Amino acid sequence: MAQMPGMSMVPIKGTVRPAAVLTPFTDAMPRLADAVPTATTADADYYTINVQQSTAAIAPGALTSILSYGGGFIGPTIRATRNRRVVAKFTNSLTESVVVHLHGGHTPAASDGFPTDEIVAGGTKVNTYPNTQRAATLWYHDHLHMMEAPHVYQGLHGMYIIRDPWEDGLRLPSGRYDVPILLRDAYLNDDNSLLYDPFLDWTVVLANGKPRPYFPVAPRKYRFRFLNGSNHRAFSLTLSDGRPVVQIASDGGLLAAPVSTASIEISSAERAEVVIDFSGCAHGTQLFLQDATLGQVLRFDVTESCGADLSQVPAQLAASLPPLPAANRTRSIELSLTPDGNYFPINGQIFDPDRVDSRIALGSTEIWTITDVSGWEHNFHLHLVQFRILDVNGLAPDPTQRGWKDTVVIPKNGVVRIQASFTDYPGKYVYHCHLLEHASYTGMMATMVVA
Ligand code: C2O
Ligand code: CU
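Residues numbered from 1 in each chain as written. Chains lettered and ligands numbered in written order. Predicted model: local features only at pLDDT ≥ 70, side-chain atom pairs only at ≥ 80, totals over all residues. Heavy atoms only, no water.

A.B. asks: Run through the overall build of the protein, naming residues and quoting values.
C.D. replies: Along the protein, the regular secondary structure elements total four helices and 30 strands. Its C-alpha atoms give the protein a radius of gyration of 21 Å, within 12% of the compact-globule value 22 Å for 451 residues. Seen through its principal axes, the protein has C-alpha atoms that stretch 60 × 55 × 45 Å. Counting over 451 residues, the protein shows a buried share of 58%. (Helix = DSSP H or I, 4+ residues; strand = E, 2+ residues; numbered from the N terminus. Rg over C-alpha atoms; globule rule 2.2 N^0.38 Å. Buried < 20%, exposed > 50% of the residue type's maximum accessible area, 1.4 Å probe, protein only.)

Quick look at the structure:
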């Protein structure tokens, strides 16, 4: 992001050294650890997660200093069930404030993680997540005003998976054949320290916290839940043998039907769930997942064995995507660039957490027309709701983008229309560009009050 506006605001963390020279496919990709409840009641699971300094074995050799949820480079995966509450207590052992946001969650304002809703050093906050929404792959990450970019970069990210009986009944690949993968980029110095400097090109790609790992698989179907946890990089992922992948879900859960797609397109914060079938692969086959820019990301090694694969990908996935209610009002959102080149205002204003930018009537359905006039590609994330994309530059969205979404790419000089219903949870929330450097340093965030 060398020409990014607002660079005077960037707090560079660490000292630049030559980039680490890494041998690809040295380590296996770890499976993410699940969070363990401290208590479980009839309708809720309780967790305590400590926000702390820690170290992680990212590359061979020296450990890397990180910021962490619970000790690891990627926080423990919280596994929730629809209509069972998760009560997550976050304790802050850092010497600076943090904010915890559940990205994609339909969450009351008090637990959503507004950028000024700080957990101060030494403090504690209990967030309650109702999980009334459909099964989906969400994630939690830092959202501290003007600091989310370096915080997330240093490790304040973790996955959050909601299941529901409908999805369980579909017999999609499950258990050890359902694998969450957080992909992100980084700049690793040759002493394995993580450098936060968005002027540089971050070319180390990490899958579940390991650079270009391998992952042993059995000759059968797998469900992979990809999250792009990069600060600002978009991934365009393909398989090295050129075959299509079957996408089954987007940000907010299952698509209406599986979509065969040549590539998996995920900008910062987006999720794509795919099924890859290795059953036709001879023992010993190596298949690479590769990104259009960074090249090889992950190597699947077909070296395990398994019993009969009883999983399936049904032709219909979601019960149905409900028809969109008629909209009560429309709203225009313009993404621009200030003449001095320092800020990306939204509707002419840079972020002020105390100002109210959009007032939304509780119970209403709105169509937002989001237009880029800055001449840059952005994406757009709305808290509180899952929305539907109506069109992109006047055309129907790609089939992979027709399900529930919370983050959408806004093409350079493009126009995207989305529709969302604000059914419950009054309060103050944000919407913003999820290129985190834009959100943190260029004012590219705004507030909405639902009342
Ligand atoms: Cu992923 Cu406002 O955040
Ligand atoms: Cu942006």
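Following the structure, the description resumes.
A.B. asks: Kindly report on the sheet that holds strand β21 (residues 295-302), identifying the contributing residues and their values.
C.D. replies: Overall, mixed pairing links the five strands, which are arranged β13-β21-β20-β15-β18 in an open sheet. Strands at the two margins of the open sheet, each flanked by one partner only, are β13 (214-217) and β18 (264-266). For this sheet, the mean inter-axis angle between neighbouring strands, taken without regard to orientation, is 20°. Examined bridge by bridge, β13 and β21 share four bridges and lie parallel to one another. Directly across from Phe-215, in β21, lies its bridge partner Phe-300. (Pairing = 2+ DSSP bridges. Axes fitted to C-alpha atoms, helices over the stretch in contact; angles between N-to-C directions.)

A.B. asks: Quick one: what's the story with the pairing of strand β28 (residues 415-421), residue by residue and with numbers?
C.D. replies: Taken together, the seven bridges between strand β24 (residues 365-372) and β28 define a ladder with antiparallel strand orientation. In the strand pairing of β28, Thr-369 is matched with Arg-417. Strand direction decides the pairing type here: strand β26 (residues 388-392) and β28, joined by four bridges, are antiparallel. Note on β28: the bridge partner recorded for Ile-389 is Ile-418.

A.B. asks: Any chance you could break down the state of the cysteines for me, citing the residues and the numbers?
C.D. replies: If you walk through the whole model with that rule in mind, you get zero disulfides. Of all cysteine sulfurs, the one in Cys-281 lies closest to Cys-306, which takes part in no disulfide; the gap is 12 Å. Note on Cys-306: relative accessible area 28%, which makes it partly exposed. (Disulfide = S-S within 2.5 Å.)

Geometric values such as these leave the question of function open.
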